[in-house]
Amino acid sequence: MDISVVVPLYNEAESLPELEAWIARVMTENHFSYEVIFVDDGSTDNSWQVIENLQKANPNIRGISFRRNYGKSPALNTGFARAKGDVVITMDADLQDSPDEIPELYRMITEDGYDLVSGYKKKRYDPLSKTIPTKLFNATARAVSGIKNLHDFNCGLKAYRQKVVKHIEVHGDMHRYIPYLAKLAGFNKIGEKVVHHQARKYGTTKFGLDRFVNGYLDLATLWFTGKFGKKPMHFFGLLGSLMFFLGFIAVAVVGIMKLYHMHAGHPYSLVTDSPYFFLSLTLMLLGSQLFLAGFIGELIVRNSTLRNQYEIDKTINIMTND
């Protein structure tokens, strides 16, 4: 099969027939073998009934329905697990992503050799309250991930080589950082294509401003787990040791200063009268706790069943003792 189109949706019954007809026309014109996987994320309208009706008319339609609303990331992860196409295309169900972009996205994967191609909605039809935070969000994501050539991490229209979606796990709200997840999994050929953005035709957006706050928290989590997930002591141990050392030096300075004043016959006060003494102790205590956190993290990683799970791409003449 050439293409799997994964479409997560929530209360998009009005747009689904138009989207399905548009996808089918593009696939037919380009002679692609394909499947469309609609993942209904617990819709409360009649989206699932619409999907059932579409499937009766088009055998290329697949449908998955969640019992309740879990979010876009679980919907994508579930669709990825069931996708069979050589190239997997994701797009939103609100008709803001154009299926006419599919042939070029497919070509960039199959001919240009990209592992992942992300859409870039250069000209957007969104209010400033959304576009300005989006630009700041993408700038931060580029800086943290090191993927400098992407301008729109959160664009729903993306294309993937099949092995990419089979080797990444999208959970929580990590769909915003799928290119970063792919990079952490060893897929470094990531490209971008300017795509057409259309104004929403039906319904209203399902995302609020809280996604920007959550997005930064998720980015920090992804950066930390990607860099220190298998070696937490390298972060907590180093930071804890540094804080403990600074606190110890500060305590020593306070004590030496008192001894000096005593020896010189100068007036002096109790060590505990100095605020620097308590600040130093606080640094030492925090340093000790961070070091212990790293030690406990190492124990957890050592006992994890995933501690030696690595992404192996190719092997030659490897014998196993099964």
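Each value, and the rule that gives it
Residues numbered from 1 in each chain as written. Predicted model: local features only at pLDDT ≥ 70, side-chain atom pairs only at ≥ 80, totals over all residues. Heavy atoms only, no water. Helix = DSSP H or I, 4+ residues; strand = E, 2+ residues; numbered from the N terminus. Buried < 20%, exposed > 50% of the residue type's maximum accessible area, 1.4 Å probe, protein only. Areas by Shrake-Rupley, 256 points an atom, 1.4 Å probe, with all protein chains shown as cover. Salt bridge = Lys/Arg side-chain N within 4 Å of Asp/Glu carboxyl O. pLDDT = per-residue confidence, 0-100. Contact = heavy atoms within 4.5 Å. Phe/Tyr/Trp six-rings, centres within 6.5 Å; stacked < 30°, edge-to-face > 60°. Arc of directions from axis to C-beta. Pairing = 2+ DSSP bridges. Axes fitted to C-alpha atoms, helices over the stretch in contact; angles between N-to-C directions.

Asks: I'm lost on the overall build of the protein in this one. Help?
Replies: Helix and strand content of the protein: 10 helices and 7 strands. Counting over 322 residues, the protein shows a buried share of 41%. Accessible surface for the protein amounts to roughly 18000 Å². Of this, 59% is attributable to carbon and sulfur atoms.

Asks: What is the right way to read the pattern of salt bridges from this model?
Replies: Pairing is possible between side chains that carry opposite charge, provided their charged atoms lie close to one another. Taken as a whole, this structure holds 10 salt bridges when the rule is applied. Between E35 and R62 there is a salt bridge, with its nearest N and O atoms 3.6 Å apart. Taken as a pair, E35 in strand β2 (residues 34-40) and R62 in strand β3 (residues 61-65) lie far apart in primary sequence, 27 residues in all. For E35, a relative accessible area of 2% puts it in the buried group. The residue R161 makes a salt bridge to D115 at a minimum N-O spacing of 3.5 Å. Note that R161 is positioned in strand β6 (residues 158-161) and D115 in the loop between α4 (102-110) and β5 (116-120), a separation of 46 residues in sequence. The buried category is assigned to D115, whose relative accessible area is 12%. Several salt bridges converge on common partners, so that one network encompasses E104, R107, E111 and D112.

Asks: I would appreciate a short explanation of the confidence of the model for the protein in the present structure.
Replies: For any part of a model where pLDDT is low, the fine detail of the predicted coordinates should not be relied upon. Confidence in the prediction for the protein averages 86 pLDDT; 88% of positions are at 70 or higher. Within the protein, the element-level pLDDT minimum falls on helix α8 (residues 210-228), averaging 73, and the maximum on strand β4 (residues 87-90), averaging 98.

Asks: Would you mind going over the side chain of S280 with me for this structure?
Replies: Checked against the element boundaries, S280 lands in helix α10 (residues 275-302). Take S280: its relative accessible area is 2%, and that puts it in the buried class. Ignoring anything within four residues of it in the chain, the contact list for S280 reads G247, A250 and V251.

Asks: Hey, could you run me through the packing of aromatic side chains in this one?
Replies: A ring pair, where both rings are aromatic, is described by two values, the distance of the centres and the angle of the planes. Counting across every chain of the model gives 6 aromatic pairs. On the basis of an interplanar angle of 65° and a centroid distance of 5.4 Å, the ring pair of F80 and Y160 is categorised as edge-to-face. You can see F80 sitting in helix α3 (residues 72-82) and its partner Y160 sitting in strand β6, a full 80 residues away along the chain. Judged by its relative accessible area of 1%, F80 falls in the buried class.

Asks: What is the right way to read helix α2 (residues 47-57) from this model?
Replies: Because each turn of an α-helix spans 3.6 residues, side chains separated by three or four positions in sequence point in the same direction. Of the residues making up α2, those classed as buried are S47, V50, I51 and L54. Projected down its long axis, α2 carries its buried residues within an arc of 100°, all on one side. Turning to α2, the residues buried within the fold contact β1 (3-9), α1 (16-29), β2 and β3.

Asks: Quick question: what am I supposed to make of the sheet that holds β6 here?
Replies: Hydrogen bonds between backbone atoms are what pair the strands of a sheet, whose relative direction is either parallel or antiparallel. On the basis of which strands lie adjacent, the open sheet formed by 7 strands has the order β3-β2-β1-β4-β6-β5-β7 and mixed pairing. The sheet is open, and its two borders are formed by β3 and β7 (190-194), each paired with just one other strand. When strand polarity is set aside, the average angle formed by the axes of neighbouring strands in this sheet is 20°. Strand direction decides the pairing type here: β1 and β4, joined by 4 bridges, are parallel. The partner of I3 across the bridge, within β4, is V87. Against the sheet, α2 touches β1, β2 and β3, its axis set at about 155° to β3.

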